[in-house]
Amino acid sequence: MKNEMPHPPETNDPLDELLRGADEYLPDNGFTARVLTALPAKRRHAWRRLVVLTLAMLASAAVAAWQLPAIIGILHVAMPKHWSAIQWPWLATFAALLAALASLIWAMFAIVNEEE
Amino acid sequence: MSFTDADLIARFLLREDQNAFGELVRRYQSPVRGFLARLADGDAHLADDLAQETFVKVWKKLGTFRSDAKFSTWLFGIACNEWRMHARGRKELALEELAEPPAELAQSEAATASNLRLDLAAAMKWLTTAERAAIVLCCQNGLSHDEAAQALGCPLGTVKTNVLRGREKLKRALAV
């Protein structure tokens, strides 16, 4: 139970003697047990969450990619004529990938911050 | 067989060994609780709550501990931050100068003059929080001025001044 705290230097100063004398050991009285009970859930749970988030992100990206041509087709009909020149499918895919990447980065930052 | 602090920290980081962390808490609970109790004017319940928060923070941040500093210095630094956050929440300025000692202590100056010794705990109330923190770290827990400056997050000169001033005040209050 001995800690590696340094000891105050021995001097003949009566004030130092008083201060050393007042530095009494405080008995644990269940303090350590309370601290251990108050600890947050183990850190590996956070990584498990990251894996779940990543899989969910990949699954939703796959569904979006699968359904994207149909959605784009519907939008294409409703769009003004001069917008038709734009490569909407590519643009939408790029935006979806960017959003997915951003949410993954955000999730990782959130987990790292939580750990700290 | 007795493990060093470094052994316990390594065991915790490599295997998330709860027992190793528990041993660290058992080793340091007394100095940390004592230190916070001094800052909290002897309020043991508040000190225990803050000490508990301190160790929870240690658990979360132990991966960032760099072994070039002493574990005790790092630990007291976290305890100081916990105290600061608590004081900020109560709109107090932690580790700042108090303009005057409390009224009841001003009265006890007369008692000092008549050679009555104040008890050390009461005399500590003469000190500002910054002086008290510096005295407890350097004179009771044996940290060097440099280590105390690291833990308190203030310049070395400030710690030296606070120790010097604090000791002068204590000597006057205790008539030693």
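Residues numbered from 1 in each chain as written. Chains lettered and ligands numbered in written order. Predicted model: local features only at pLDDT ≥ 70, side-chain atom pairs only at ≥ 80, totals over all residues. Heavy atoms only, no water.

1. Considerations on the overall build of chain A
Here's step 1: For chain A, the helix and strand inventory stands at four helices and zero strands.
Here's step 2: From first element to last, N terminus to C terminus, chain A shows the α and β order α-α-α-α.
Here's step 3: When each of the 116 residues of chain A is scored for burial, the buried share is 21%.
Here's step 4: Entry remark: accessible area of chain A is about 8500 Å², with carbon and sulfur atoms responsible for 71%. (Helix = DSSP H or I, 4+ residues; strand = E, 2+ residues; numbered from the N terminus. Buried < 20%, exposed > 50% of the residue type's maximum accessible area, 1.4 Å probe, protein only. Areas by Shrake-Rupley, 256 points an atom, 1.4 Å probe, with all protein chains shown as cover.)

2. Concerning the overall build of chain B
Here's step 1: Per the secondary structure count, chain B includes nine helices and zero strands.
Here's step 2: Only carbon and sulfur atoms are counted for the fraction: they give 52% of the accessible area of chain B, which is about 8300 Å².

3. Section: the environment of B:G22
Here's step 1: Following the sequence through the fold, B:G22 ends up in helix 2 (residues 18–39).
Here's step 2: Along the sequence, B:G22 and B:F12 sit ten residues apart, while their C-alpha atoms lie 9.7 Å from each other.
Here's step 3: Contact partners of B:G22, with chain neighbours within four places excluded, come to A:T32 and A:L36. (Contact = heavy atoms within 4.5 Å.)

4. Quick word on the interface of chain B and chain A
Interface size is commonly expressed as the accessible area that is lost once the parts come together.
Here's step 1: Taken together, the contact between chain B and chain A spans 43 residues of the former and 34 residues of the latter.
Here's step 2: At the junction of chain B with chain A, the criterion picks out three salt bridges.
Here's step 3: On inspection of chain B and its partner chain A, the count reaches eight residue pairs in polar contact (both at pLDDT 80 or more).
Here's step 4: Listed by contribution, the elements that provide at least two residues to the side of chain B that touches chain A are helix 1 (5–15), helix 2, helix 3 (44–61), helix 4 (71–89), helix 6 (120–124), helix 7 (129–140) and helix 9 (156–174) of chain B.
Here's step 5: Per-element accounting of the side of chain B that touches chain A gives the leading share, 14 residues, to helix 2 of chain B.
Here's step 6: The residue inventory of the side of chain B that touches chain A, partitioned by class, reads 19 nonpolar, eleven polar and 13 charged. (Salt bridge = Lys/Arg side-chain N within 4 Å of Asp/Glu carboxyl O. Polar contact = N/O pair within 3.5 Å; in protein donor to acceptor, adjacent residues only side chain to side chain. Nonpolar A, V, L, I, M, F, W, Y, C, P; charged D, E, K, R; others polar.)

5. Here's the deal with the packing of aromatic side chains
Centre distance and the angle of the planes are the two values used to describe a pair of aromatic rings.
Residues and elements named next belong to chain B.
Here's step 1: Counted by the stated rule, this structure contains eight aromatic pairs over all chains.
Here's step 2: Taking the centre distance of 5.2 Å and the plane angle of 65° together, the rings of Y28 and F71 count as edge-to-face. Placement of Y28 in helix 2 and of F71 in helix 4 is noted, with a sequence separation of 43 residues between them. No difference in accessibility class separates Y28 from F71, as the two residues are buried.
Here's step 3: Seen in terms of ring centroids, F71 and W74 are 6.0 Å apart; in terms of plane orientation they differ by 40°. Their pairing is tilted. Of this pair, F71 and W74 both sit in helix 4, three residues apart, roughly one helical turn. Summarising the burial analysis for this pair, F71 and W74 share the class buried.
Here's step 4: Through a chain of ring-to-ring contacts, the aromatic side chains of Y28, F65, F71 and W74 assemble into a single cluster.
Here's step 5: Between R11 and the ring centre of F3, over which it is positioned, the NZ or CZ distance is 4.9 Å. (Phe/Tyr/Trp six-rings, centres within 6.5 Å; stacked < 30°, edge-to-face > 60°. Lys NZ or Arg CZ within 6 Å of the ring centre and 35° of its normal.)

6. What about the confidence of the model for chain A?
Here's step 1: Mean pLDDT over chain A works out to 75, with 70% of the residues at or above the 70 mark.
Here's step 2: For chain A, per-element mean pLDDT is lowest for helix 3 (residues 44–78) of chain A, which scores 73, and highest for helix 2 (residues 31–38) of chain A, which scores 94. (pLDDT = per-residue confidence, 0-100.)

7. A look at helix 1 of chain B
All names here are of chain B.
Here's step 1: Looking only at helix 1, the buried set comprises D5, L8, I9 and F12. Summarising the axial view, the buried residues of helix 1 lie within an arc of 100°, below the 170-degree limit, and thus occupy one face. Across from the buried face of helix 1, at angles greater than 90 degrees, the exposed residues are A6, L14 and R15.
Here's step 2: Tucked into the core, helix 1 has its buried residues touching helix 2, helix 3 and helix 4.
Here's step 3: A positive phi of about 50° marks E16, the residue just after helix 1. (Arc of directions from axis to C-beta.)

8. Topic: the state of the cysteines
Residues and elements named next belong to chain B.
Here's step 1: Within the structure shown, the criterion is met by zero disulfides over all chains.
Here's step 2: The thiol of C80 is not disulfide-bonded; the next cysteine sulfur, from C154, is found 8.4 Å away.
Here's step 3: The closest cysteine sulfur to the non-disulfide-bonded C138 is located on C139, 6.1 Å from its own sulfur.
Here's step 4: With a relative accessible area of 6%, C138 lands in the buried category. (Disulfide = S-S within 2.5 Å.)

9. Focus on the packing of helix 3 of chain B against helix 4 of chain B
All names here are of chain B.
Here's step 1: Where helix 3 meets helix 4, the axes come as close as 9 Å, and the angle between the chain directions of the two elements is 125°. Accordingly, the angle class assigned to the pair helix 3 and helix 4 is oblique. The crossing of helix 3 and helix 4 is right-handed. Across the interface between the two elements, L46, L50, E53, T54, F55, K57, V58 and K61 of helix 3 pack against F71, W74, L75, I78, A79, E82, W83, M85 and H86 of helix 4.
Here's step 2: Split into classes, the residues belonging to the contact of helix 3 with helix 4 amount to eleven nonpolar, two polar and four charged. (Axes fitted to C-alpha atoms, helices over the stretch in contact; angles between N-to-C directions. Parallel < 35°, antiparallel > 145°, perpendicular 65-115°, else oblique. Left-handed = near helix turned anticlockwise from the far one by under 90°.)

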